[in-house]
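Summary of the model geometry
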Amino acid sequence: MEETKKKQHSLLKITGYIAVVLITFISLLIFFSVRWCLKTWQHLSVDELIYTMTAPIKGTGNGMINEYMLKALLPSIILTLLTIVFLYIAKRIRKVKPAICLVLAACVALGGYKGVYKFYKTLEIGDYIYNQLHPSSFIEDNYADPHKTEVSFTKKRNLIYIFLESMEMTYTDEKSGGAFKQNIIPELTKVAQENEDFSGNESKLNGGVSLTGATWTMGAMFGQSSGLPLRPTAGTSSLDTQNTFFPSIRSLGDILKDEGYNQSLLIGSDATFGGRRLYYKDHGNYNIEDYSYAKQQGWIPQDYNVFWGYEDHKLFNFARSEITKMSKKSQPFNMTMLTVDTHFEDGYKCKYCDNQFGDQYADAMHCSSRHVAAFVKWAQKQSWYKDTTIVISGDHPTMASHFCDDVPSSYQRKVYSVYINAAVKPKQNSYRLYSTFDHFPTTLAAMGATIKGDRLALGTNLFSDKKTLLEKYGINYVQKELKRRSPLLQKLEKVEVTAQTQKRNANVPYASFSVTNDDNKLYAYVSTIENIALNDIDHLEMEISSDEKGSNKSSIKMTHKEKRRYDASIDYTSLKGKTKTVYVKVYVVSKDNKKYDSGTQKINI
């Protein structure tokens, strides 16, 4: 009996020690994680946090992961190990009672609790919960549905849209409208002064305000091309499954795709990160030319990696080559680009960067300014430039915790924005107050498109004389309303169960494919095949027809490239004059001769 009690007592002590260690580690990890998170992202929002938790993290920069491990995980492990050593010594000398250990663990847990509370207060989680419980009809009341708004082109100009990572008008000098004593981006300042930034007759440069739902890279790319905030609802987002991305919206990419544009997304990082690949494939069927693509094409060595992928000077060189190829095709083109060297926390200094400012982030910004200005000068010398509009916009204000410490809180920070070689002039020559949502219709107008009512989604065509939402309501009111739950936004986010989604969920074989249109030929590319083993695949077929009933049908066996990748092309010259659209199908054919339909894509010819 006595022996049993001793064993029970010993087991209880061991359990207590394990509990102390676990409580200590979890509490320390929470404390250091919160500390690192709030120091790194001083303006982190709940929306961004929810999005980051639901969107794919593949492609995250190694520097970011390493810094978290160094500043949060490592100190938590070290202090936990020290706790284990302390408990071991305490047990050996038997002068420290287990109860004291539990008190110490409780103190550490209190530190973790304080970290959680600070996180709660800093992110204004209480306000977030209130806003979710008190919905607003603001978006619905001011939403110009792109599905129902007539957008017409008389001439289809090319588009080059450049997202500049963390680039603000703030970095110019005070004389030019910035908040710095020394102009960090003089070349970009000159580009804005010589082109359209909607500053009217004023000498100070203008830019777009980043509103709720557009203050991080994917939110910014989504907002500028769809005119909507990216505010996925916790628990309902489809981004973690990579099925679809706001399936009910109509974006810039959708409109240009319907007009027959050849579209590409060129970025020096992994497009999967943050859902960028999914969004641009879902809305515009862009050719994704990212870090992985660059390695596949032999642009960079297979083991090449700096910062988030490869440097911006390479990005602009690749852009020159790719745009030259696109310009030789019969279709108008849209080249969308995203820089990365100016990503926080300190940016990346390439071999072309100087040491003019004595701050790595400032020097990276200055280097970016020179790269972009040089690219614009190159574009202006090309034969296709006369029919091309260039839009350059910062994606969002910088998240670098130190860089704008001296900027007064009263100063309205705006992202860098400029329209080059636009097809139209502004109807009113005044300094406009606008948000990055206004880039959506303004970009189309700059390309020469006519937009009935001059509004799309929450955006206003800045070349028109119609007021923007910020001019109509003021920044504070718009921000307040955008933070509240929007039933319309939830509806637009809602996942529609498509035939392909049903196949995926039912474990039926299907191929993920994209289609491009070039020189009277339709090219189908299969990127992957799911729900069937490679050994069970006999072949894949590409089929085109002039309507959904299968009229004028023709098909071809697709060529197997590698693993689960196939491609094929079909000439549609015989269908010209009979139809303006064709329907493309891809079938997976198994070795037992079963044929699986992977869905249909409708293509304009």
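Higher on the page you've got the structure.
Rules of the game
Residues numbered from 1 in each chain as written. Predicted model: local features only at pLDDT ≥ 70, side-chain atom pairs only at ≥ 80, totals over all residues. Heavy atoms only, no water. Helix = DSSP H or I, 4+ residues; strand = E, 2+ residues; numbered from the N terminus. Contact = heavy atoms within 4.5 Å. Areas by Shrake-Rupley, 256 points an atom, 1.4 Å probe, with all protein chains shown as cover. Patch = residues over 30% accessible without salt bridge, like charges linked within 9 Å, V, L, I, M, F, W, Y side chains within 5 Å. Salt bridge = Lys/Arg side-chain N within 4 Å of Asp/Glu carboxyl O. Phe/Tyr/Trp six-rings, centres within 6.5 Å; stacked < 30°, edge-to-face > 60°. Buried < 20%, exposed > 50% of the residue type's maximum accessible area, 1.4 Å probe, protein only. Expected span 1.5 Å × (residues − 1). Pairing = 2+ DSSP bridges. Axes fitted to C-alpha atoms, helices over the stretch in contact; angles between N-to-C directions. Parallel < 35°, antiparallel > 145°, perpendicular 65-115°, else oblique. Nonpolar A, V, L, I, M, F, W, Y, C, P; charged D, E, K, R; others polar.

Points about the overall build of the chain
- Helix and strand counts for the chain stand at 18 helices and 19 strands.
- Within the chain, residue pairs in contact and separated by at least 24 positions form 71% of the contacts whose partners lie at least 6 positions apart.
- Taken as a whole, the chain presents about 28,400 Å² of accessible surface, with 53% of it coming from carbon and sulfur.

Overview of a nonpolar patch on the surface
- Side chains of Leu70, Leu74, Ile78, Leu79 and Leu82 sit close together on the surface and give an oily, nonpolar patch of about 440 Å² of accessible area.
- Structurally, Leu82 is set in helix H3 (residues 62–93).

Some thoughts on the packing of aromatic side chains
- Across all of its chains, the model carries 29 aromatic pairs by this definition.
- Ring geometry for Phe198 versus Tyr434: centroids 6.1 Å apart, planes at 80°, classification edge-to-face. In this pair, Phe198 is assigned in the loop between helix H7 (186–194) and strand S3 (207–208) and Tyr434 in the loop between strand S8 (415–420) and helix H14 (439–446), connecting sequence segments 236 residues apart.
- Overall, the relative accessible area of 2% leaves Phe198 in the buried class.
- With centroids separated by 5.8 Å and ring planes inclined at 85°, the aromatic side chains of Phe333 and Trp384 adopt a geometry described as edge-to-face. Taken together, the positions of Phe333 in strand S6 (residues 333–338) and Trp384 in the loop between helix H13 (360–380) and strand S7 (388–394) put the pair 51 residues apart, joining distant regions of the chain.

Quick notes on the environment of Leu188
- Of note, Leu188 is situated in helix H7.
- Judged by its relative accessible area of 0%, Leu188 falls in the buried class.
- When sequence neighbours within four positions are dropped, the list of residues in contact with Leu188 reads Leu164, Met167, Ser369, Val372 and Tyr416.

What to know about helix H12 (residues 312–327)
- The end-to-end C-alpha distance of H12, which contains 16 residues, comes to 22 Å, matching closely the 22 Å that a straight helix rising 1.5 Å per residue would cover.
- All of the buried residues in H12 are Asp312, His313, Lys314, Leu315, Phe316, Phe318, Ala319, Glu322, Ile323 and Met326.

A closer look at the sheet that holds S8
- Strands sit in the order S3-S8-S7-S2-S6-S4-S5 across an open sheet of 7 strands; the sheet is mixed. At either end of the open sheet lies a strand with only one pairing partner, and these are S3 and strand S5 (287–289).
- Judged from the 2 bridges that link them, S3 and S8 form a sheet pairing that is antiparallel. Note on S8: the bridge partner recorded for Gly208 is Val415.
- Strand contacts of H7: strand S2 (158–164) and S8, with the helix running at about 45° to S8, the strand carrying the most contacts.
- Packing of H14 onto the sheet brings it into contact with S2, S7 and S8, and relative to S8 it is tilted by some 20°.

A few points about the pattern of salt bridges
- Overall, the coordinates contain 16 salt bridges when judged by the stated rule.
- Put simply, Lys156 and Glu259 hold a salt bridge, and the shortest N to O gap is 3.1 Å. Of this pair, Lys156 sits in the loop between strand S1 (151–152) and S2 while Glu259 sits in the loop between helix H9 (252–258) and strand S4 (262–267), and the two are 103 residues apart along the sequence.
- Since its relative accessible area comes to 23%, Glu259 is described here as partly exposed.
- As a salt-bridge pair, Arg432 and Glu471 come within 2.8 Å of each other at their nearest N and O atoms. One end of the pair, Arg432, is in the loop between S8 and H14; the other, Glu471, is in helix H15 (residues 469–473), and 39 residues separate them in sequence.
- When its relative accessible area of 25% is taken as the criterion, Glu471 is described as partly exposed.
- Connected through shared salt-bridge partners, Lys155, Lys386 and Asp387 make up one network.

Considering the pairing of strand S19 (residues 595–604)
- As judged from the 8 bridges shared by strand S18 (residues 581–590) and S19, these two strands associate in the antiparallel manner. Paired with Tyr587 across the strands is Asp597, a residue of S19.

Section: the packing of H7 against H13
- It is the contact of H7 with H13, at a shortest axis distance of 7 Å, that shows an interaxial angle of 45°. Considering their axes alone, H7 and H13 lie oblique with respect to each other. Where H7 abuts H13, its residues Pro186, Glu187, Leu188 and Val191 lie against His366, Ser369, Arg370, Val372 and Ala373.
- Of the residues in the contact of H7 with H13, the class split is 5 nonpolar, 2 polar and 2 charged.

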